[in-house]
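# Chains, contacts and geometry: an overview
This is what each chain is made of:
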Amino acid sequence: METRTIPLLSKLVALALLPVCVCAAADQVVEKVDRPAASFVPPDRVVVFPVFFVASDQTRPSKEQAAKLMRHLRWAQQWYHEALSGRDTFALGADRPYYYQAKQPLAHYSSLAPGMRAPEQVEELLDHFELTRFNCPFVFVILVDRLQERPAGGRTINGGLNTGGGLVQMGTPQLDHDPGFQSTLRHELGHAFGLVHSDVYGYDLKTTPSMMAYHEPFKTKGFEESATPAQFIPEDIRALALNHRVFGKLRFDPAKDVPAGYTLAPRPIVLGVMPAVHHPDYAIKVTTTSGELLGSRAANVVLTPIRPNRPDHRGPRRNYDPGSMWASANLPDGWATLDVQFPLEVTLTRIGVHSQHSGTVNAAHAIGILAEKDGKLKPVVARKLTSADQWVQLPKTSATRWQFRFQAGPSRKILLRGLRFCYNNTELFPPPIPYEFDAD
Ligand SMILES: [Zn+2]
């Protein structure tokens, strides 16, 4: 990871990029957010950053409201620490809320379609702090002026787990008038870290003892804890442990985290990508002239989970997954081509190639990488591939449009489970379920 600590953003210097004190349980820990290496590079760490989003015609929240918000955030931080058995909690990127005077009057934000108010406000904040959705090191806790038109909400910016920043949206008046502010904050932070509702795993929302359910007795009252506080169910802890940018110390331990007799859902289920309004989408365009067979799509090689290349005793095709893999057509000259367009210029130094499925079917035997310069595709590197899962180094190259060519073996077909892109040691556009989950 790149660990330059020169502050990029003067506005943030005083707030977030200088070391700030974070009370994680009993011991005080000094946390620090490093400057983003570039607009396309995900942050090393993600911290929670409180913002009062004040519409241009509204007045600033009071000092008392600011103090209440920080008290709630520290309490939520402590609750996460306890719910994770003291192993970890999130870090706070500021010791007081940031007052952001928004560009538009309240009527503008209120008039936005449901689901588009948060994206518009997040983009405004990203512009203000000179960040992008790709490098944002914050889970913004955004307190807006009014919340009548929509309930509180939370989500990741780029979907999945460990893909960067996130957001929580709540109303400033709720600080004073909603006795359940704290339990709602814990729940929405869960979404902002990548958690889904418990019913997505098949559990009853009204009775499951998860913070990600809606069990009434879990509600806090002001600054008073519920008599029967919520917990995290094993699926929640497993998902949080995959979000290393927020929970760097948390490891999921099935022996301790899964009670006897509990049937753990086989895979994490993740949230989708936040839509863009004025900014580029979190999307990579992948096209091919080499065919898409067996229900697969070339686009599956990016931003989908990368499944293992595991033989299956039940039959040779049982580990084929058309939802996350790409199967080429028969290749007359033995080469398949993928055209890949990123939403912004990226600099790559390493590519991960995951070809073949079930340990035997359609590995790639060589790769050629081309990058667009001055409107033309220029060769960058060509290499033999000796393994189905292999890193390929390339000279540091920047481009928006790339082409990847893969040489098939005797089968004359290519099967790709995924491509990965690295700038130095940081993976760009990582899969929504981190590779490590599927790796072994
Ligand atoms: Zn929810």
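The rules behind the values
The numbers attached to residues start from 1 for each chain and follow its sequence in the written order. Thresholds applied to this predicted model are a pLDDT of at least 70 for local features of residues and 80 or more for the giving and counting of side-chain atom pairs; totals over whole chains, interfaces and linings are not thresholded and use all residues. To obtain the side-chain values, all non-hydrogen atoms of the structure were used and water was disregarded. For this analysis, a nonpolar core means a set of buried residues of the types Ala, Val, Leu, Ile, Met, Phe, Trp, Tyr and Cys, connected via side-chain atoms within 4.5 Å. Only protein chains enter the calculation, and the probe is 1.4 Å; a residue is then buried if its accessible area is under 20% of its type maximum, exposed if over 50%, and partly exposed in between. Put simply, DSSP H or I for four residues or longer makes a helix, DSSP E for two residues or longer makes a strand, and each gets a number counted from the N terminus. Any two residues whose heavy atoms approach within 4.5 Å at even a single point are treated as in contact. Coordination shells were defined by N, O and S atoms within 2.8 Å of each metal, extended to 3.2 Å for Na, K and Ca; water is absent from the atom set, which can make sites look incomplete. By this definition, two strands are paired if DSSP reports at least two bridges between them. The rule for a salt bridge is simple: a side-chain nitrogen of Lys or Arg has to be within 4 Å of a carboxyl oxygen of Asp or Glu.

To continue, consider the nonpolar core. Formed by 69 residues in total, the largest nonpolar core has its most connected members in F90, F140, L189, F193 and F232. Here the element with the most residues in this core is helix 2 (residues 63–83); it accounts for 8 residues. Discounting chain neighbours no more than four positions away, the residues touching F193 are V48, Y80, F90, V139, T156, L161, L240, N243, V246 and F247. If you look at the next biggest cluster of nonpolar residues, it comprises 42 residues, including V301, V302, L344 and F406.

All right, on to unusual backbone geometry then. For S85, which is not glycine, the phi dihedral falls at a positive 50 degrees. Looking at the secondary structure, you find S85 in the loop between helix 2 and strand 4 (98–101). With a phi angle near 50 degrees, N424 is a residue other than glycine that sits in the positive phi range. With respect to the helices and strands, N424 occurs in the loop between strand 14 (415–423) and strand 15 (426–428).

Let's shift gears to the coordination of the zinc ion. Those protein atoms acting as donors to the zinc ion are H187 (NE2), H191 (NE2) and H197 (NE2), and they sit at 2.0 to 2.1 Å. Mapping the donors of the zinc ion onto the primary sequence gives the spacing H-x3-H-x5-H.

Within the element layout of this structure, T208 appears in the loop between helix 6 (181–192) and helix 7 (234–242). What makes T208 buried here is its relative accessible area of 8%. In this structure, T208 is in contact with S198, Y203, A213, H215, F218 and I233, ignoring residues within four places of it in sequence.

Moving on, we get to the pairing of strand 7 (residues 166–171). Counting buried positions along strand 7 yields 6 of 6 residues, so the element is predominantly enclosed. Both faces of strand 7 are covered, namely the face carrying G166, V168 and M170 and the face carrying L167, Q169 and G171. As paired elements, strand 5 (residues 138–144) and strand 7 share 6 bridges and run parallel to each other. From the neighbouring strand, F140 faces strand 7, where its bridge partner is L167. Where strand 6 (residues 153–156) and strand 7 come together, 4 bridges link them in antiparallel fashion. Paired with R155 across the bridge in strand 7 is L167.

Under the defined criterion, the tally for this structure stands at 11 salt bridges. The shortest N-O distance in the salt bridge between R307 and D321 comes to 3.6 Å. Remark: D321 occurs in the loop between strand 8 (285–288) and strand 9 (326–327) and R307 occurs in the loop between strand 8 and strand 9; sequence separation between them is 14 residues. When its relative accessible area of 26% is taken as the criterion, R307 is described as partly exposed. Take D321: its relative accessible area is 22%, and that puts it in the partly exposed class. Notably, a salt bridge pairs D389 with R417, separated by 2.9 Å at the nearest N-O pair. Taken together, the positions of D389 in strand 13 (residues 389–408) and R417 in strand 14 put the pair 28 residues apart, joining distant regions of the chain. Look at R417 and you get buried, because its relative accessible area is 1%.

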